[in-house]
Amino acid sequence: MARRRRNKLLVPEARAGMERLKQQVISRQTGSPSQSPEQMKMEMAQQAGVPYKPGYNGDLKTEEAGKMGGPVGGQMVKDLIQIAEEELVRRQSRP
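Given the structure is predicted, the values throughout are model-derived calculations rather than measurements.

A.B. asks: Would you mind showing me how to read the overall build of the chain here?
C.D. replies: A count of helical and extended segments in the chain gives three helices and zero strands. When the helices and strands of the chain are placed in sequence order, the string is α-α-α. In terms of overall dimensions, the chain is more spread out than a globule: its C-alpha atoms have a radius of gyration of 16 Å, far above the 12 Å expected for 95 residues. Looking at the 95 residues of the chain, the share that counts as buried comes to 18%. The contacts of the chain with a sequence gap of at least 6 include a subset with a gap of at least 24, amounting to 34%. Surface summary for the chain: the accessible area is close to 7,700 Å², and the carbon and sulfur share equals 56%. Here the chain contributes 17 positively and 11 negatively charged side chains, and the mean placements of these two sets differ by 5 Å.

Following this line, the structure appears as structure tokens:
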């Protein structure tokens, strides 16, 4: 069964920046320096007690996958809001 991506970016060119942000968030949460995406997933799964393995993980329960992705996605949203707020302040302080 083919996997479908439902989370499309409004600006496709932003994908690389979003991946960098995800990597930064995971590095902060795990306390490990930047790693490959697969290594980061393994580290997050280990810390969350999720039986994640390289390759196919379609047998993971939604609750288990949420233990890995939820904290990362939530922190990414917080970081993006902070970046947007800082940009608004910067724009308002310009003449």
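A.B. asks: Explain helix 1 (residues 15–30) to me, please; I cannot follow it from the model alone.
C.D. replies: For the α-helix, the turn length of 3.6 residues means that residues three or four positions removed from each other point alike. Under the 1.5 Å per step criterion, the end-to-end length of helix 1 is 22 Å for 16 residues, consistent within 8% with the ideal 22 Å. Leu-21, Val-25, Ile-26, Ser-27 and Thr-30 are the residues of helix 1 that are buried. Buried residues along helix 1 sit against helix 2 (37–48) and helix 3 (62–92). Once helix 1 ends, the next one or two residues include Gly-31, with phi positive near 75 degrees.

A.B. asks: Help me understand helix 2 in this model?
C.D. replies: With 12 residues, helix 2 should cover 16 Å at 1.5 Å per step; its first-to-last C-alpha distance of 16 Å lies within 8% of that length. On its buried face, helix 2 is in contact with helix 1 and helix 3. Looking one or two places after helix 2, you find Gly-49, whose phi comes out positive at around 75 degrees.

A.B. asks: In this structure, what is going on with the nonpolar core? I would like to understand it.
C.D. replies: In a soluble, globular protein the nonpolar side chains are often hidden away together inside. In this structure, Leu-21, Val-25, Ile-26, Met-40, Met-44, Val-72 and Met-76 together form the largest nonpolar core, which totals seven residues. Counting residues per element, this core draws most heavily on helix 1, which supplies three residues. Apart from residues no more than four positions distant in its own chain, Met-44 is found in contact with Ile-26, Gln-29, Thr-30, Met-68 and Val-72. In this structure, Ala-45, Val-50, Leu-60 and Met-68 belong to the second largest nonpolar core, which totals five residues.

A.B. asks: Would you explain the environment of Met-44 in this entry?
C.D. replies: With respect to the helices and strands, Met-44 occurs in helix 2. What makes Met-44 buried here is its relative accessible area of 8%. Note: C-alpha distance between Met-44 and Ser-27 (17 residues apart in sequence) is 9.5 Å.

A.B. asks: Mind showing me how you'd approach the side chain of Asp-79 here?
C.D. replies: Topologically, Asp-79 is positioned in helix 3. Relative accessible area serves as the criterion here: at 11%, Asp-79 is assigned to the buried category. With near-sequence residues (within four places) excluded, Asp-79 lies in contact with Leu-21, Val-25 and Arg-28.

A.B. asks: Explain the packing of helix 2 against helix 3 here, please?
C.D. replies: For any two helices packed against each other, the geometry comes down to the angle between their axes and how far apart the axes lie. Contact pair helix 2 / helix 3: the axes reach a minimum separation of 9 Å and the direction vectors enclose 110 degrees. It follows from the interaxial angle that helix 2 and helix 3 lie roughly perpendicular. Of the residues in helix 3, those in contact with Lys-41, Met-44, Ala-45 and Ala-48 of helix 2 are Lys-67, Met-68 and Val-72. Broken down by class, the residue content of the contact of helix 2 with helix 3 amounts to five nonpolar, no polar and two charged.

Criteria and thresholds
Numbering of residues begins from 1 in every chain and follows the order in which that chain's sequence is written. In view of the model being predicted, local features appear only for residues whose pLDDT reaches at least 70, and side-chain atom pairs are presented and counted only at 80 or more, with totals across whole chains, interfaces and linings using the full set of residues. Only heavy atoms go into the side-chain values, all of them from the structure, while hydrogens and water stay out. In this text, helices come from DSSP runs of H or I with a minimum length of four residues, and strands from runs of E with a minimum of two, each type numbered from the N-terminal end. The globule rule used here is 2.2 Å times the number of residues to the 0.38 power, and the radius of gyration it is set against is calculated over C-alpha atoms. Accessible area is worked out with a 1.4 Å probe on protein chains only. A residue is then buried under 20% of its type maximum, exposed over 50%, and partly exposed in between. Any two residues whose heavy atoms approach within 4.5 Å at even a single point are treated as in contact. The Shrake-Rupley method, run with a 1.4 Å probe sphere, supplies the accessible areas, and residue values consider only the shown protein chains as cover. Neither His nor the chain ends is counted toward charge; the positive residues are Lys and Arg and the negative residues Asp and Glu. Positions of charges follow a simple convention, taking NZ of Lys, CZ of Arg, CG of Asp or CD of Glu. Multiplying 1.5 Å by the residue count of a helix minus one yields the expected span of that helix. What is meant by a nonpolar core is a set of buried Ala, Val, Leu, Ile, Met, Phe, Trp, Tyr and Cys residues, joined one to another through side-chain atoms within 4.5 Å. Here an axis means a line fitted to C-alpha atoms, over the contact stretch when the element is a helix, while the angle between two N-to-C directions is reported on a 0 to 180 degree scale. Should an angle fall under 35 degrees it is taken as roughly parallel, and over 145 as roughly antiparallel, whereas 65 to 115 is taken as roughly perpendicular and any remaining angle as oblique. Classes in brief: Ala, Val, Leu, Ile, Met, Phe, Trp, Tyr, Cys and Pro nonpolar; Asp, Glu, Lys and Arg charged; the others, Gly included, polar.

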